[in-house]
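Architecture at a glance
Below are the chains, spelled out letter by letter.
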Amino acid sequence: MSKQSVICTQPRKNLESNGVSAEAQHLSSGGQVPSQLVPVTSSSRGKAMAPSKQPKKQEGSSKESVEYRQRRERNNLAVRKSRLKSKQKAQDTQQRVTELKEENERLEAKIKLLSKELSVLKDLFLEHAHGFTESRNAGHEPSNMGQ
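Residues numbered from 1 in each chain as written. Predicted model: local features only at pLDDT ≥ 70, side-chain atom pairs only at ≥ 80, totals over all residues. Heavy atoms only, no water.

**Details of the overall build of the protein chain**
On a plain count of helices and strands, the protein chain comes out with 2 helices and 0 strands. For the protein chain, the residues scored as buried account for 7% of the 147 residues in total. (Helix = DSSP H or I, 4+ residues; strand = E, 2+ residues; numbered from the N terminus. Buried < 20%, exposed > 50% of the residue type's maximum accessible area, 1.4 Å probe, protein only.)

This is the structure:
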């Protein structure tokens, strides 16, 4: 058995007694349930609004209320904590940059030292190899000259 979907291009204007559109009730009773039903008001023209776009309730949100003060304090603490965390992360990153620069300088100095050592060893090897070939050639020459 397959479900058939009916697409209606006209928004439904009829509201049930509880203020929820018939379409929203139909969806909630069917196989597809919306994440949250939103009451339809005359200003929304039959369209459901996302929870973040709903108008905020004015009761309890006055600047003198205890709830408002508590929310502000929690928010201020969260902001302070976030800024401290951000500062700490920046300091840690800067320290890591400094350490890596120092390590890079040490490694570059080591490269120079090892390059000089390699050059000296190459020269010694070439001297030794050159001397070895000359002594071999010198050893063969007297026998050839005698003939």
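**Observations regarding a negative patch on the surface**
Negative charge collects at one region of the surface, where Glu-99, Glu-102, Glu-105 and Glu-108 lie side by side. Mapping Glu-108 onto the fold places it in helix H2 (residues 66-145). (Patch = residues over 30% accessible without salt bridge, like charges linked within 9 Å, V, L, I, M, F, W, Y side chains within 5 Å. Areas by Shrake-Rupley, 256 points an atom, 1.4 Å probe, with all protein chains shown as cover. Salt bridge = Lys/Arg side-chain N within 4 Å of Asp/Glu carboxyl O. Lys, Arg positive; Asp, Glu negative; His and termini not counted. Charge placed at Lys NZ, Arg CZ, Asp CG, Glu CD.)

**Remarks on a nonpolar patch on the surface**
On the surface, Val-120, Leu-121 and Leu-124 cluster together into a nonpolar patch covering about 280 Å² of accessible area. Here Val-120 lies in helix H2.

**Things to note about the confidence of the model for the protein chain**
Segments scoring low in pLDDT should not have their predicted coordinates read at a detailed level. With 54% of its residues at a pLDDT of 70 or more, the protein chain has an overall mean of 75. A low-confidence stretch, residues 11-16 stays under pLDDT 50, and its non-local contacts, those more than four residues away or across chains, total 12 contacts. (pLDDT = per-residue confidence, 0-100. Contact = heavy atoms within 4.5 Å.)

**Structural notes on the side chain of Ser-65**
Relative to the assigned elements, Ser-65 resides in the loop between helix H1 (22-29) and H2. In this structure the side chain of Ser-65 is engaged in a polar contact, spanning 3.1 Å, whose partner is the backbone nitrogen of Tyr-68. (Polar contact = N/O pair within 3.5 Å; in protein donor to acceptor, adjacent residues only side chain to side chain.)

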